[in-house]
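The residues making up each chain are set out below.
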Amino acid sequence: MMWHQPPPATLGLMRSRPRDEHPGPGVVSESAGDIEETPDLQGAYPRLDDAQLTTLAEAGRRRAVQPAEILFREGERDCDFFVILAGKVAVVEGRGTPEERLIGVHGPGRFLGELSLLTDEGSFYTAIAVDAGEVLAVPVAQLKEIISRDTALGDLIVRAYLARRAILIDLGAGLRIIGSRYSPDTERVRDFAARNRIPYRWLDLETDPAAETLLAQAGVAPEDTPVVIVHGQLLRNPSNAELAAAIGLPVPASSPAGCDLVVIGAGPGGLSAAVYGASEGLRVLVLDGTATGGQAGRTSRIENYLGFPAGISGAELAERAMLQAQKFGAQFAVPAEATSVRRDDGQYVVRLDDGTSVTAAAVVAASGARYRRLQAPRADYFERMSIYYAASQAEALICRGDPVVIVGGGNSAGQAAVFLSRHASRVTLAVREADLSENMSRYLIDRVQRIANVDVMLGTEIRELLGDRVLEAVTVEDRQSGAQRTLKARALFVFIGVSPCTGWLGDLVDLDGHGFVRTGHDVPSAAGTGRQRSALETSQPGIFAAGDVRSGSAKRVAAAVGEGAMVIRLALERARQA
Ligand SMILES: Cc1cc2nc3c(=O)[nH]c(=O)nc-3n(C[C@H](O)[C@H](O)[C@H](O)COP(=O)(O)OP(=O)(O)OC[C@H]3O[C@@H](n4cnc5c(N)ncnc54)[C@H](O)[C@@H]3O)c2cc1C
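Residues numbered from 1 in each chain as written. Predicted model: local features only at pLDDT ≥ 70, side-chain atom pairs only at ≥ 80, totals over all residues. Heavy atoms only, no water.

Enquirer: Lay out the packing of aromatic side chains with the relevant residues and their values.
Expert: Inspection of every chain in the model, using the stated rule, returns eight aromatic pairs. An angle of 20 degrees between the planes, with centres 6.0 Å apart, marks the rings of Tyr305 and Phe308 as stacked. Taking the relative accessible area as the measure of exposure, Tyr305 reaches 17% and is therefore buried. Among the aromatic residues, ring-to-ring pairing joins Phe72, Phe82 and Tyr125 into one connected group. Lying over the aromatic face of Trp202, Arg190 brings its terminal NZ or CZ to 3.8 Å of the ring centre. (Phe/Tyr/Trp six-rings, centres within 6.5 Å; stacked < 30°, edge-to-face > 60°. Buried < 20%, exposed > 50% of the residue type's maximum accessible area, 1.4 Å probe, protein only. Lys NZ or Arg CZ within 6 Å of the ring centre and 35° of its normal.)

Written out as structure tokens, the structure reads:
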């Protein structure tokens, strides 16, 4: 259903006019020319130099723009990459709706767009010329070619686009999610958006009067919530797949019935297999049940990944890797959960949760592991409302200014404490072990201990979760003395280890006692053959495992990436035999 908007309210920037109407003189208000450029505080809006403009000009077309001319609209795909040569362009969200708001204004030398231009999702805003000027329009295919050829220019654009996506997430631009904080589906939809790094604003039906007004205008009953407004379309309690389709998340262009390699999981291991496999000429399809990035996408900063002395956010690492894999021709499908795999005439048929299947000569199991749930009374009740298994930008927005408790004593918990301390009023780290150094790296311990609003409670366990509808406090017990303390907490972050995602493999491959995939010499040699397996080969020829899903893996981003790359040599051999 299309979302019918009430009459437009303008920004006072310019009068709105119907789509594609040619602007007449005086469409721009008197003050338009005075609108100031948005300052570039985060490196998101760099100005191109003459050499870079020349490179882009060779692939594009210069053209004049009129005041109030629309360069691209919210929801539009396949629009050009625009560089402003003269005049100013405003970037506006929700144009023509009561929620219309100005995101930024850009002048000569700056370029428009954000990450969605490269990932083929619809644009999250509309770009409108403020005054008469000139732009350079470069088709996206040519832009992608320039990005891979000219590393300095490519890096400048990709970096700016990543920063712009982070700004949109912070601003709460993009999707509108309207639903109650007590609704598990509201939390599911928000989590899906957050994991896929889709900017959104949540209107809580319980507290936000605008939520009810919007629902009334759209004729939606509260029981039909959550609703999501995406690119002008209103979706009632959409499934993750419906939401992905409306946003324009990647789905294979056509059903790739025969690809060389299907990779299950788009965490660091799967993304690496995609980059190296596609760059070696394999036809690669990557499937992920939730989002690209895997566990790494749930962390705000990875500090021990080679080559990033200042650290890198898991989201940025995933976004960069996905762009890189797509550049080499890898295809992605998200959300697409593998439910089973079987052998068929020397090939493998992977069945997906929507009932479709894909066939390939080789399979890389890079399905990693999932967080363990907290075993405490009422944990199920608070699960989707106040308990989180990630500490990224999205969660930071939710608990801004509130006290939070983190359970766990490993690096994930330590990173979460450092990150959340900048957003929450107080952070308590409840650790089961008597000493932080049992599971946390030294550099993180030092950092955690230096932060004034972080308290560490060693040798403790969570006993009770308190609150009527949302979490208000938790009771923490000292494991030795049995003494209990109640701590205020609006959110509980749980980082207490992971379990492997191997259900989809059924009994086709050997698993260890904890359910992780055995590879290499951990697999008992086939009776009589005495054949030794390569390090990442499972008990099934043609099924390989990389990253956290593998028995005995290092549980590190770098290790998963390394294994994702290594596995490609085996996949190439397999593809040649097929
Ligand atoms: C909060 C946190 C912080 C961390 N910090 C660091 C750090 O600083 N440094 C470091 O080196 N490591 C860190 N780690 C560990 C690191 O993230 C993991 O080792 C790494 O992500 C493993 O990569 P992977 O590709 O093997 O699996 P995962 O990252 O687990 O990715 C697996 C992917 O497979 C998908 N999947 C699962 N089952 C299916 C299925 N049936 N069908 C389709 N898709 C499926 C999942 O949705 C997921 O996206 C951290 C982990 C967490 C949770």
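We are not done yet, so read on.
Enquirer: How would you explain the site of the ligand if you had to name every residue and give the values?
Expert: Neighbouring the ligand are 36 residues; Gly269, Asp288, Gln295, Gln415 and Asp548 lie closest to it. Note that an oxygen atom of the ligand is positioned 3.2 Å from one of the backbone N or O atoms of Pro268. At 2.8 Å, a backbone N or O of Gly269 approaches an oxygen atom of the ligand. Protein contact buries 94% of the 990 Å² of open area that the ligand shows by itself. Of all the secondary-structure elements, those providing two or more residues to the shell around the ligand are α8 (268-279), β18 (369-371), α12 (411-420) and α14 (557-577). For the shell around the ligand, the residue count by class is 16 nonpolar, 14 polar and six charged. (Near = heavy atom within 4 Å. Polar contact = N/O pair within 3.5 Å; in protein donor to acceptor, adjacent residues only side chain to side chain. Areas by Shrake-Rupley, 256 points an atom, 1.4 Å probe, with all protein chains shown as cover. Helix = DSSP H or I, 4+ residues; strand = E, 2+ residues; numbered from the N terminus. Nonpolar A, V, L, I, M, F, W, Y, C, P; charged D, E, K, R; others polar.)

Enquirer: Can you tell me about the packing of α12 against helix α13 (residues 442-450), naming the residues and giving the values?
Expert: The interhelical angle for the contact between α12 and α13, taken along N-to-C directions, is 35 degrees, at an axis separation of 10 Å. α13 is crossed by α12, and the crossing has left-handed handedness. Residues Asn411, Gly414, Gln415, Ala417 and Val418 of α12 pack against Tyr443, Leu444, Arg447 and Val448 of α13. Grouping the constituent residues of the contact of α12 with α13 by class yields five nonpolar, three polar and one charged. (Axes fitted to C-alpha atoms, helices over the stretch in contact; angles between N-to-C directions. Left-handed = near helix turned anticlockwise from the far one by under 90°. Contact = heavy atoms within 4.5 Å.)

Enquirer: Now, about the nonpolar core: what can you tell me, with residues and values included?
Expert: Within the largest apolar cluster, 58 residues are counted, with the highest numbers of intra-cluster contacts made by Leu56, Leu71, Phe81, Leu112, Leu143 and Leu175. A per-element tally of this core places helix α4 (residues 151-171) first, with seven residues. Membership of the second largest hydrophobic core comes to 28 residues, among which are Val275, Ala318, Ala330 and Ala362. (Core = buried A, V, L, I, M, F, W, Y, C linked by side-chain atoms within 4.5 Å.)

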